[in-house]
Amino acid sequence: MQSVTPAASQTQTNQTNSANSATKDSGVAEAVDFQNFLTLLTAQLKHQDPLDPADSTEFVAQLAQFSSVEQLVSANDKLDSIASSIVGDGFDKYASWIGREAETSSSSAYFDGANSVRFRLSGSEDAATMTTSIFNQAGDEIAQINAANTSAVQSWNGQIDGEPVPPGIYTISATYFDAEGERIGSEVASTFSIVREVRLNGDQPTIVLTSGVEVKPSDVKGLGISG
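Asks: Summarise the overall build of the protein; cite the residues concerned and give the values.
Replies: Broken down by element type, the protein carries five helices and 14 strands. For the protein, the proportion of its 227 residues judged to be buried stands at 30%. Counted over contacts in the protein with a minimum sequence separation of 6, partners at least 24 positions apart contribute 66%. Total accessible area on the protein is roughly 13,800 Å²; 50% of this is exposed by carbon and sulfur atoms.

Structure (structure tokens):
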């Protein structure tokens, strides 16, 4: 007995095939839309003739095309996110910082073996005495130096007992004590360094100093002219 395909189903199938053909002819990058492709694929599955189903080879190819479209949509979303970070978060505005001297809060500084390291403490009005310590990159205290309890810019000549320390990254920290000798606070000094580059880590900009230290833009307390 000869089977008769319902007219509505045959019409829908023809429309679906025509849409798929048009999609192929116009190119995936220009004509394929994620939601439209899903709609067409669902319609094809719903309205195909059960006595004459779609060719399995073509169906697999369509599924592969669907996977490719999904990946392209995901890649575009990521590119949009990066572009938004570059423009929206002012990645370009930080470019003007390159070559400028930045004062960065609670950060380490690089001693090049010759030039003094400039630093700034907040100071404590409640402190009767204070100690200022130098720590190496490993976090070991290597010396204590004389420093004033003030917010003015000070400097360390990079020497301990008259001998220069090896070039490297160092941290300057102050500890404050009251009249009874009780510890009442401490802080890591802000330091000064030239901005070498601005880098995007994930979707957040990072300021890279000539010392190699990386800081967030919010850690920069001030900018000046180098030299």
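More follows now that the structure is in view.
Asks: For the confidence of the model for the protein, give the residues involved together with the corresponding values.
Replies: Confidence in the prediction for the protein averages 78 pLDDT; 67% of positions are at 70 or higher. Scored below 50 in pLDDT, residues 1–13 shows eight contacts in the model against residues more than four places distant or in partner chains. Segment residues 21–31: pLDDT under 50, and eight contacts once partners within four positions in sequence are set aside and those in other chains are kept.

Asks: I'd love a proper account of the pattern of salt bridges, names of residues and values included.
Replies: Within this structure, the stated rule accounts for six salt bridges. One salt bridge connects E103 with R120, and the closest N-O pair in it is separated by 2.7 Å. One end of the pair, E103, is in strand β1 (residues 100–104); the other, R120, is in strand β3 (residues 117–120), and 17 residues separate them in sequence. Look at E103 and you get buried, because its relative accessible area is 7%. When the shortest N-O distance is used, the salt bridge between E197 and R199 registers 3.1 Å. On the basis of relative accessible area, E197 is assigned to the partly exposed category, the value being 26%. Several salt bridges share partner residues, and in doing so they unite R196, E197, R199 and E214 into one network.

Asks: With reference to specific residues and values, describe the packing of aromatic side chains.
Replies: For any pair of aromatic rings, the description consists of the separation of the ring centres together with the inter-plane angle of the planes. Counted according to the given criterion, the structure contains three aromatic pairs. Aromatic side chains Y94 and W97 sit 4.9 Å apart centroid to centroid with 75 degrees between the ring planes, which places their arrangement in the edge-to-face category. By relative accessible area, which is 9% here, Y94 ends up buried. Measuring from ring centre to ring centre gives 6.0 Å for F111 and W156, while their planes differ by 40 degrees; the resulting arrangement is tilted.

Asks: Let's hear about the nonpolar core: which residues, and what values?
Replies: Within the largest apolar cluster, 16 residues are counted, with the highest numbers of intra-cluster contacts made by L121, W156 and I172. Listed by contribution, the elements that provide at least two residues to this core are β2 (109–111), β3, β4 (129–135) and β9 (168–177). No other element matches the four residues that β9 contributes to this core. Every residue in contact with W156, bar those within four places of it in the chain, is listed here: S116, V117, F119, I134, I145, V165, Y170 and I172.

The rules we used
Residues numbered from 1 in each chain as written. Predicted model: local features only at pLDDT ≥ 70, side-chain atom pairs only at ≥ 80, totals over all residues. Heavy atoms only, no water. Helix = DSSP H or I, 4+ residues; strand = E, 2+ residues; numbered from the N terminus. Buried < 20%, exposed > 50% of the residue type's maximum accessible area, 1.4 Å probe, protein only. Contact = heavy atoms within 4.5 Å. Areas by Shrake-Rupley, 256 points an atom, 1.4 Å probe, with all protein chains shown as cover. pLDDT = per-residue confidence, 0-100. Salt bridge = Lys/Arg side-chain N within 4 Å of Asp/Glu carboxyl O. Phe/Tyr/Trp six-rings, centres within 6.5 Å; stacked < 30°, edge-to-face > 60°. Core = buried A, V, L, I, M, F, W, Y, C linked by side-chain atoms within 4.5 Å.

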